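A look at the structure
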Amino acid sequence: MSSCSHAHATANEYAIEDRGRADPTQTTTDQRALSRWIRGRIGEVDAAIREKILEDDAFGMDDNAFSEWSGLSDAEKARRFDDWLERQIESTILTSEFEDKAERHLEHAVERGATDAHRELRDAGVDIGDPDETLAQDNVQEAIGLGVIALAGRVRSEMDDFRGDAREIITDGGLEVSRTQLASDIVERGQVYKSEVTADTAAEVVNQYNTTGQLSSYERVPDEVEVELNVEPEFRTAQDDRVCEQCQELAQRDWTLEDAQDFHIPRDTHPHCRCRWEVTDVRTLEDL
Ligand SMILES: [Zn+2]
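1. Observations concerning the overall build of the protein chain
In terms of regular secondary structure, the protein chain is built from 10 helices and 3 strands. Scanning the protein chain from its N terminus toward the C terminus, one meets helices and strands in the order α-α-α-α-α-α-α-α-β-α-β-α-β. Split into buried and exposed, the 288 residues of the protein chain put 36% on the buried side. Nonlocal contacts in the protein chain, meaning residues at least 24 apart in sequence, comprise 80% of its contacts between residues at least 6 apart.

So this is what it looks like as structure tokens:
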């Protein structure tokens, strides 16, 4: 069992659990907690799939005339299973608890982003008040809510792809094998989507840190103040100073707030990017 779960440790999960990698956004804890919670719920769906196939023998694979779907065509069985699986996904993963957890972790990432931005601005001589004031802004709360919806949409879309694969397995001779084989064929196929969900979750947390937390804070500087930014790239490990080439190049540019608003970390960078914005210079109109 343990060798089995090791074999399924994917690159996405490794990236998020890797303890040596430095995270300038300091949101790794939120990335891990939220993605582990979601993976746990997907694991519950996997368990329900096994139960449905193995214990209930819903497909009637052992010529059980009393099975839920016995007597139906393979295509119809696949359709019934798909409906059932969709309900499992909605009631197990995409629940109000999902919304609460996602909101809590995304809000925490925003709080960190705002706190870091406020501190850097203060160090540069611009006091925009307390980070809590940024956090309380309507547009910030709205952006967190939209982040929760966006993440739910991506999880649902990964799970839709999983359901499509499961249907295909069933109609492609999947019912000709043993129940054990069918259950593991379906659950194994889901691993890739579970892994994608991990990457989606990490990306939304980092997005909220940068786009909602930091950029919303910079927007609060008075009109006569111009903020210059940099990308602070993440280091591959805590011990060395290697960063990915793309982020290294971004770090060498000077960014105005307007440029930063048109650029999206991490959507425009790379999977598992933990780069962040940082204030490099602040100029008032009199200095120009
Ligand atoms: Zn990066």
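2. Some thoughts on the pairing of strand E1 (residues 225-232)
Relative to strand E3 (residues 276-284), E1 runs antiparallel, the two sharing 8 bridges. Bridged to Val231 within E3 is Trp277.

3. Here's the deal with the nonpolar core
Judged by nonpolar contacts, the single largest core of 59 residues is most densely connected at Leu106, Val110, Val205 and Val206. For this core, the leading source of residues is helix H8 (residues 179-218), giving 13 residues. Setting aside residues up to four positions removed in sequence, Val110 forms contacts with Leu135, Val140, Ile144, Gln208, Tyr209, Thr212 and Gly213.

4. Considering the packing of helix H3 (residues 28-55) against helix H5 (residues 96-123)
Relative orientation of the contacting elements H3 and H5 amounts to 170°, with a least axis distance of 10 Å. One finds that H3 runs roughly antiparallel with respect to H5. Seen from H3, the contacting residues are Asp30, Ala33, Leu34 and Trp37; seen from H5, they are Lys101, Ala102, His105, His108 and Ala109. When grouped by side-chain class, the residues that make up the contact of H3 with H5 number 5 nonpolar, 2 polar and 2 charged.

5. Looking at the sheet that holds strand E2 (residues 255-256)
Across the sheet, which stays open at both edges, the 3 strands sit in the order E2-E1-E3 with antiparallel pairing between neighbours. At either margin of the open sheet sits one strand with a lone partner, and together these are E2 and E3. Packing against the sheet, H8 makes contact with E1 and E3, and its axis sits at approximately 10° to E3.

6. Here's the deal with the packing of H3 against H8
Packing of H3 against H8 brings their axes to within 9 Å, and their N-to-C directions diverge by 165°. As judged from the angle between their axes, H3 and H8 are roughly antiparallel. Of the two possible hands of crossing, H3 and H8 adopt the one that is right-handed. Of the residues belonging to the contact of H3 with H8, the class tally is 13 nonpolar, 6 polar and 6 charged.

7. Here we look at helix H7 (residues 138-171)
The terminal C-alpha atoms of H7 lie 49 Å apart, and with 34 residues this matches the ideal 50 Å at 1.5 Å per residue to within 8%. Among all positions in H7, only Val140, Ile144, Gly147, Val148, Leu151, Val155, Glu158, Met159, Phe162, Arg163, Ala166 and Ile170 are buried. Gly173, located one to two residues past H7, shows a positive phi value of around 85°.

8. Some details on unusual backbone geometry
Of note, the amide linkage connecting Ile265 to Pro266 takes the cis form, showing an omega dihedral of 10°. Here the phi dihedral of Asp57 falls at roughly 45°; this positive angle occurs in a residue that is not glycine. Relative to the assigned elements, Asp57 resides in the loop between H3 and helix H4 (74-92). According to the C-beta neighbour criterion, Asp57 is partly exposed, with 18 such atoms within 10 Å. The phi dihedral of His272 falls on the positive side, at around 65°, and the residue is not glycine. Within the secondary structure, His272 sits in the loop between helix H10 (257-261) and E3.

Quick notes on the rules
- Residues numbered from 1 in each chain as written.
- Predicted model: local features only at pLDDT ≥ 70, side-chain atom pairs only at ≥ 80, totals over all residues.
- Helix = DSSP H or I, 4+ residues; strand = E, 2+ residues; numbered from the N terminus.
- Buried ≥ 20, exposed ≤ 12 C-beta atoms within 10 Å, placed from the backbone.
- Contact = placed C-beta atoms within 7 Å.
- Pairing = 2+ DSSP bridges.
- Core = buried A, V, L, I, M, F, W, Y, C linked by C-beta atoms within 7 Å.
- Axes fitted to C-alpha atoms, helices over the stretch in contact; angles between N-to-C directions.
- Parallel < 35°, antiparallel > 145°, perpendicular 65-115°, else oblique.
- Nonpolar A, V, L, I, M, F, W, Y, C, P; charged D, E, K, R; others polar.
- Left-handed = near helix turned anticlockwise from the far one by under 90°.
- Expected span 1.5 Å × (residues − 1).

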